[in-house]
Amino acid sequence: MKPEISRKLCCLQFVCALMIITLHTALPGSFDRNLPQWALTVNLYWRYLADAAISTFFFLSAYLCYRRADERNYWKLLLGKLRTLILPYLLWSALFYAHSLFREYLVWGTIMQPTDARTVFRRITYDSALPVLWYIRTLLGLIVLFPVIRWCVQKKWPARVGGGICLILVCIPQLAIHYSTMVYWAPVYVLGAYIGYWHKDRFESIPDGTNRWKYPLAAALLVGTCLLRHSGHQLHYLFWIPAPLLLWVLADGCCRLRKLPWWVDTSFYLYCCHLLMEPYAVKLYQKVLGTGTASFVMAGLGLPLLCAALCLIGAWIVRLICPWVYAVFTGLRPERR
């Protein structure tokens, strides 16, 4: 991958991590009960827009996996995921579980959650104490299907048919397919795999400064499809499917950056860490700006940035004192600059 595209990818992943933090921090329940309806509506649509990050992460994960699919060995791929996904999953899950027990003890003077070996094992593995890790579980399931998805993408028509069937199933409300399942995110994932396998040269082309009309068009389409989300469950995918492509276009300016600071390449860390810092970020934000309407409206941007800043301060300290700890918790990924 060209350095310019690598930096663009890194920046987009960082922005998506901030969008995920927005979904989990700027919540009406942390502010006054009698907030005006217009403020709640602004917050709702802001969070709708931030929801594009989920589909973008699935899309980019599939794209990166399948852009060199013919060169990949299935078993080496799975072994690599032990280091980059499974190990961090277990570590973050254990850390969050220990943190929840510690906070419970500080507040109530005792631990009320069951702490028998079976419960501890369950809370660290398949029923993680850290809610956001559902993404890693779902992604791992899709990665296990690598040979099947690769064959579908190579033949083209099975990918189109399979992705279309999954999309139809998800849009049938009577089936109530759960948000954190492989079927739910298969259409976006297969789209990323298809583009990575067949269209990576075009997707990774460096913008030359022409066709600048595409940026306001991409922004308008992103906002327009986001507004459709309010119309019902069946229209979610009219936003989620194009969102990664539109955000990719809007990130073109990042190609011109010469060097990235270390904190831009922290999307995985921010994703896993932000729920640990969220209660402290909310308390600090409320102490400074209160819980009124103005504070609530500004929280859509201010609270995610504050939470991310606290996470990054923690990352800076850990990197300074024990860099190997940070490396292990982030899957021993090489830094991108």
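This section reports on the structure supplied with the text. Note that the structure is a prediction, hence the values are computed from the model and not measured. (Residues numbered from 1 in each chain as written. Predicted model: local features only at pLDDT ≥ 70, side-chain atom pairs only at ≥ 80, totals over all residues. Heavy atoms only, no water.)

**Let's talk about the overall build of the protein**
Right, on to step 1. Helices and strands together make up the secondary structure of the protein, namely 16 helices and zero strands.
Right, on to step 2. Here the C-alpha radius of gyration of the protein, 21 Å, is about what a compact globule of 337 residues would show, namely 20 Å.
Right, on to step 3. When its C-alpha atoms are laid out on the principal axes, the protein stretches across 60 × 50 × 50 Å.
Right, on to step 4. Here the protein, with 337 residues, has 45% of them falling under the buried criterion.
Right, on to step 5. Of the roughly 17,300 Å² of accessible surface on the protein, a fraction of 67% belongs to carbon and sulfur atoms.
Right, on to step 6. Computing the positive centroid from 34 side-chain charges and the negative centroid from 15, the protein places the two 2 Å apart. (Helix = DSSP H or I, 4+ residues; strand = E, 2+ residues; numbered from the N terminus. Rg over C-alpha atoms; globule rule 2.2 N^0.38 Å. Buried < 20%, exposed > 50% of the residue type's maximum accessible area, 1.4 Å probe, protein only. Areas by Shrake-Rupley, 256 points an atom, 1.4 Å probe, with all protein chains shown as cover. Lys, Arg positive; Asp, Glu negative; His and termini not counted. Charge placed at Lys NZ, Arg CZ, Asp CG, Glu CD.)

**Here's the deal with the layout of surface pockets**
Right, on to step 1. What the largest pocket holds in volume is close to 1,400 Å³.
Right, on to step 2. Considering the residues around the largest pocket, the lining is formed by 43 residues, among which Gln-13, Leu-64, Lys-81, Arg-333 and Arg-336 are closest to the centre.
Right, on to step 3. Broken down by secondary-structure element, the contributors of at least two residues to the lining of the largest pocket are helix H1 (3–25), helix H3 (52–66), helix H4 (74–108), helix H6 (134–144), helix H14 (267–289) and helix H16 (323–329).
Right, on to step 4. With seven residues, the top contributor of residues to the lining of the largest pocket is H4.
Right, on to step 5. By residue class, the composition of the lining of the largest pocket is 22 nonpolar, nine polar and 12 charged.
Right, on to step 6. Of the voids in this model, the second largest pocket is the one considered here, and its volume is about 610 Å³.
Right, on to step 7. As for the second largest pocket, its lining consists of 21 residues, of which Arg-202, Ser-205, Lys-214, Trp-248 and Val-249 are closest to the centre.
Right, on to step 8. Classifying every residue of the lining of the second largest pocket gives 12 nonpolar, four polar and five charged. (1 Å grid on protein atoms, 1.4 Å probe; cavity = no way out; pocket = protein on both sides within 12 Å on 5 of 7 lines; lining within 4 Å. Points joined across faces, edges and corners; volume = space filled by probe spheres on them. Nonpolar A, V, L, I, M, F, W, Y, C, P; charged D, E, K, R; others polar.)

**Thoughts on the nonpolar core**
Right, on to step 1. In this structure, Phe-58, Trp-92, Trp-185, Tyr-189 and Leu-270 are the most contacted members of the largest nonpolar core, which totals 102 residues.
Right, on to step 2. A per-element tally of this core places H1 first, with 13 residues.
Right, on to step 3. Apart from residues no more than four positions distant in its own chain, Trp-92 is found in contact with Leu-130, Leu-133, Phe-268, Tyr-269, Cys-272, Cys-273, Leu-276 and Phe-329. (Core = buried A, V, L, I, M, F, W, Y, C linked by side-chain atoms within 4.5 Å. Contact = heavy atoms within 4.5 Å.)

**So, a nonpolar patch on the surface**
Right, on to step 1. Together, Trp-151, Trp-157, Val-161, Ile-165, Ile-168, Leu-169, Ile-172, Leu-175 and Val-183 make up a nonpolar patch on the protein surface, roughly 820 Å² of accessible area in all.
Right, on to step 2. Looking at which element gives the most residues to the nonpolar patch, the answer is helix H8 (residues 157–170), with five residues.
Right, on to step 3. As for its placement among the helices and strands, Trp-151 is situated in helix H7 (residues 146–155).
Right, on to step 4. With relative accessibility at 43%, the residue Trp-151 sits in the partly exposed group. (Patch = residues over 30% accessible without salt bridge, like charges linked within 9 Å, V, L, I, M, F, W, Y side chains within 5 Å. Salt bridge = Lys/Arg side-chain N within 4 Å of Asp/Glu carboxyl O.)

**What to know about unusual backbone geometry**
Right, on to step 1. Here the phi dihedral of Lys-156 falls at roughly 70°; this positive angle occurs in a residue that is not glycine.
Right, on to step 2. Here Lys-156 shows up in the loop between H7 and H8.
Right, on to step 3. Positioned with a positive phi, Ala-176 is a non-glycine residue whose angle comes to about 50°.
Right, on to step 4. Structurally, the position occupied by Ala-176 is in the loop between H8 and helix H9 (182–198).

**Some points on the environment of Glu-104**
Right, on to step 1. Its location among the elements puts Glu-104 in helix H4.
Right, on to step 2. On a C-alpha basis, the gap between Glu-104 and Pro-207 in space is 52 Å, while along the polypeptide they are 103 residues apart.
Right, on to step 3. Glu-104 has contacts with Gly-109, Thr-110, Ile-111, Met-112 and Gln-113, leaving out every residue within four places of it along the chain.
Right, on to step 4. There is a polar contact of 2.6 Å between the side chain of Glu-104 and the backbone nitrogen of Met-112. (Polar contact = N/O pair within 3.5 Å; in protein donor to acceptor, adjacent residues only side chain to side chain.)

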